[in-house]
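# Residue-level structure breakdown
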Amino acid sequence: EAQAAVSKGAKISDNAALMVGHELAAESAGKHTSLRLALLAQLCRERPSEAIQIAAPVIEPLIRDAAIPKEAVEQLLEYCRKTEGCYNALCILGLCSAGMEEEADKIRETWA
C-alpha cells in the first residue's frame, strides 16, 4: 500500500512527490526507519527530477534522525527561493530547524 502511494505521488508532479517526501521525513524518529528509507529510494527512482534530487539529501537524514548536511539544506533553500509554488519543498525545509522554518515562512509570504 505504501509503495503504491509513493508511485502515485511520483507520477503526479514534483509537488506531489515532495508531499510524499515530507510525509516520510515528518514521521516520528525511529519509527519504521528502514521502510521509510526504502520508500524514499523508490521515490528517487520513480521521479528523478531536480526537485527530488535536491530534497532527498535532506529527507534521508531527517528519516535517520541524523545531522543534515549544511550544503543539502542550502541547496533546498535555493531551490525554494527560485521555484514559486513549491509548497511541499518548503515543508521539508521547515523540518530542518527553527531558522529554516522561518525562512520557509518568508518565502511563502512572497508568493501571496
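Overview of the structure. (Residues numbered from 1 in each chain as written. Predicted model: local features only at pLDDT ≥ 70, side-chain atom pairs only at ≥ 80, totals over all residues. Heavy atoms only, no water.)

### Things to note about the overall build of the chain
Within the chain one finds seven helices and zero strands. Traced from its N-terminal end to its C-terminal end, the chain shows the element sequence α-α-α-α-α-α-α. Expected size for 112 residues packed as a compact globule is a radius of gyration near 13 Å; at 13 Å, the chain falls within 12% of this value. On the principal axes, the C-alpha backbone points of the chain span a range of 35 × 30 × 20 Å. Split into buried and exposed, the 112 residues of the chain put 43% on the buried side. Contacts spanning at least 24 positions in sequence make up 53% of the contacts within the chain whose residues lie at least 6 apart. In the form shown here, the chain has an accessible surface area of approximately 6,200 Å², with 51% of it arising from carbon and sulfur atoms. Distance from the positive charge centre (12 side chains) to the negative charge centre (17 side chains) of the chain: 5 Å. (Helix = DSSP H or I, 4+ residues; strand = E, 2+ residues; numbered from the N terminus. Rg over C-alpha atoms; globule rule 2.2 N^0.38 Å. Buried < 20%, exposed > 50% of the residue type's maximum accessible area, 1.4 Å probe, protein only. Contact = heavy atoms within 4.5 Å. Areas by Shrake-Rupley, 256 points an atom, 1.4 Å probe, with all protein chains shown as cover. Lys, Arg positive; Asp, Glu negative; His and termini not counted. Charge placed at Lys NZ, Arg CZ, Asp CG, Glu CD.)

### What about the pattern of salt bridges?
Tallied over the full model, the rule gives eight salt bridges. The residue Arg 64 makes a salt bridge to Glu 60 at a minimum N-O spacing of 3.1 Å. You can see Arg 64 and its partner Glu 60 sitting in helix 4 (residues 50-64), four residues apart, about one turn around the helix. Under the relative-accessibility criterion, Arg 64 is labelled partly exposed at 47%. Using a relative accessible area of 34% as the deciding quantity, one classes Glu 60 as partly exposed. For Arg 108, the salt bridge is made with Asp 105, and the minimal N-O distance between the two is 2.8 Å. Taken together, the positions of Arg 108 and Asp 105, both in helix 7 (residues 98-111) and three residues apart, correspond to about one turn of that helix. (Salt bridge = Lys/Arg side-chain N within 4 Å of Asp/Glu carboxyl O.)

### Topic: unusual backbone geometry
Working note: non-glycine residues mostly have negative phi, and peptide bonds are mostly trans. In the Ramachandran plot, His 32 falls in the positive-phi region, its phi being about 55 degrees despite a non-glycine side chain. Its location among the elements puts His 32 in the loop between helix 2 (14-26) and helix 3 (33-46). A positive phi angle, near 60 degrees, is found at Asp 65, a position not held by glycine. Within the element layout of this structure, Asp 65 appears in the loop between helix 4 and helix 5 (70-82).

### Quick look at the packing of helix 5 against helix 6 (residues 87-94)
The geometry of helix 5 relative to helix 6 is characterised by a closest axis approach of 10 Å and an angle of 150 degrees between their N-to-C directions. On the basis of their axis angle, the class for helix 5 and helix 6 is roughly antiparallel. By crossing handedness, the relation of helix 5 to helix 6 is classed as left-handed. Contacts between helix 5 and helix 6 involve Val 73, Leu 76, Leu 77, Tyr 79 and Cys 80 on the former and, on the latter, Ala 89, Leu 90, Ile 92 and Leu 93. Per-class residue counts for the contact of helix 5 with helix 6 are nine nonpolar, no polar and no charged. (Axes fitted to C-alpha atoms, helices over the stretch in contact; angles between N-to-C directions. Parallel < 35°, antiparallel > 145°, perpendicular 65-115°, else oblique. Left-handed = near helix turned anticlockwise from the far one by under 90°. Nonpolar A, V, L, I, M, F, W, Y, C, P; charged D, E, K, R; others polar.)

### A look at the layout of surface pockets
One number sums up the size of the largest pocket: a volume of about 210 Å³. Among the elements of the structure, helix 1 (2-12), helix 2 and helix 3 are those that each provide at least two residues to the lining of the largest pocket. In terms of residue count, helix 2 provides more of the lining of the largest pocket than any other element does, four residues in total. Partitioned by chemical class, the residues of the lining of the largest pocket number eight nonpolar, one polar and three charged. (1 Å grid on protein atoms, 1.4 Å probe; cavity = no way out; pocket = protein on both sides within 12 Å on 5 of 7 lines; lining within 4 Å. Points joined across faces, edges and corners; volume = space filled by probe spheres on them.)

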